[in-house]
Amino acid sequence: MLLPEALDRFVCRRCNLCCRQPGYVYLSSAEAGAAAACLGLDPYEFTEKYCEVMDRQRLVLKKLPDESCVFLTAEGCAIHPAKPGQCRDFPVKWRTPRSLDYCEGLKQL
Ligand code: SF4
Ligand code: SF4
C-alpha cells in the first residue's frame, strides 16, 4: 500500500515500461490536437495515422503488436511535450496494483 507521502517522493526512472503495458492510452480531442501540433500534423491526419476509436466514441493511441505504444522510441516518448494527461498523471495520480511490479520509480519508494 503506497501512502500519499511516499508518492510525493516519486521520481521517474525513465525505464519506459509503463509505455509497454497492456491497455490503452485514452486522449481527448484537445490532447489529440496538441500531440498533432507537436508532430507538425493536422489533427485529422494525426488521428487517422496514430489513433483508433474505442467503443465508437473514445480516441486511443494505437499500439504495436508487442503492446508498446506507437510513440515509444529508443529515446523515449516521441510526443513527450504533448503526451496525454493519462501518461503525465501516471503513477502519482493513478496506478494499478500491477504498476508496482514494473515501475522502477514506484519500486524505489
Ligand atoms: S504517449 Fe508517450 S508516454 Fe504515453 S504511452 Fe505513448 S510513448 Fe508512453
Ligand atoms: S514505469 Fe515508472 S519509472 Fe518507468 S518510465 Fe514509467 S513512470 Fe517512469
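Data block above holds the structure.
In what follows, the accompanying structure is described. Here the structure is a predicted model, which is why all the values come from computation and not from measurement.

1. A closer look at the packing of aromatic side chains
Point 1. Applying the stated rule across the entire model yields five aromatic pairs.
Point 2. Here Phe90 and Tyr102 contribute two aromatic rings whose centre-to-centre distance is 6.3 Å and whose plane-to-plane angle is 10°, an arrangement assigned as stacked. Linking Phe90 in the loop between helix H4 (85–89) and helix H5 (99–102) with Tyr102 in helix H5, this pair joins segments that are twelve residues apart in sequence.
Point 3. For Tyr102, a relative accessible area of 12% corresponds to the buried category.

2. A look at the nonpolar core
Point 1. Ranked by internal contacts, the top residues of the largest apolar core, which has 14 residues, are Leu27, Phe46, Cys51, Leu61 and Phe71.
Point 2. Of all the elements in the fold, those that place two or more residues in this core are helix H2 (29–39), helix H3 (43–50) and strand S3 (58–61).
Point 3. Ignoring any residue separated from it by four or fewer positions in sequence, one finds Phe71 in contact with Leu39, Phe46, Tyr50, Leu61, Gly76, Cys77, Ala78 and Ile79.
Point 4. One finds Phe10, Phe90, Cys103 and Leu106 within the second-largest nonpolar core, a separate group that totals seven residues.

3. Some points on the pairing of strand S2 (residues 51–54)
Point 1. Across four bridges, S2 lies against S3 in antiparallel orientation. The residue of S3 that forms the bridge with Val53 is Leu59.
Point 2. Hairpin connection of S2 to S3: three residues between the antiparallel strands, including Asp55 at a positive phi of 50°.

4. Observations regarding the site of ligand 1
Point 1. The environment of ligand 1 is formed by Cys19, Val25, Leu61, Cys69, Phe71, Leu72, Cys77, Ile79, Lys83 and Cys87.
Point 2. Spatially, ligand 1 is embedded in the largest pocket.

5. Quick notes on the sheet that holds strand S1 (residues 26–27)
Point 1. Judged by pairing direction, the sheet is antiparallel, and its three strands sit side by side in the order S1-S3-S2 without closing on themselves. For this open sheet the edge positions go to S1 and S2, each flanked by a neighbour on one side alone.
Point 2. Of the pairings in the sheet, the one linking S1 to S3 comprises two bridges and is antiparallel in character. Bridge pairing in S3 places Leu27 opposite Leu59.
Point 3. Across the face of the sheet, H3 comes into contact with S1, S2 and S3 while running at roughly 80° to S2.

6. Focus: the side chain of Ser99
Point 1. In this structure, Ser99 sits in helix H5.
Point 2. Ignoring sequence-local partners within four residues, the contact set of Ser99 consists of Phe90 and Leu106.

Reading the values: rules and limits
Residues numbered from 1 in each chain as written. Chains lettered and ligands numbered in written order. Predicted model: local features only at pLDDT ≥ 70, side-chain atom pairs only at ≥ 80, totals over all residues. Heavy atoms only, no water. Phe/Tyr/Trp six-rings, centres within 6.5 Å; stacked < 30°, edge-to-face > 60°. Helix = DSSP H or I, 4+ residues; strand = E, 2+ residues; numbered from the N terminus. Buried < 20%, exposed > 50% of the residue type's maximum accessible area, 1.4 Å probe, protein only. Core = buried A, V, L, I, M, F, W, Y, C linked by side-chain atoms within 4.5 Å. Contact = heavy atoms within 4.5 Å. Pairing = 2+ DSSP bridges. Near = heavy atom within 4 Å. 1 Å grid on protein atoms, 1.4 Å probe; cavity = no way out; pocket = protein on both sides within 12 Å on 5 of 7 lines; lining within 4 Å. Sits in = over half its atoms within 2 Å of the grid points. Axes fitted to C-alpha atoms, helices over the stretch in contact; angles between N-to-C directions.

Any link to function would need more than the numbers given here.
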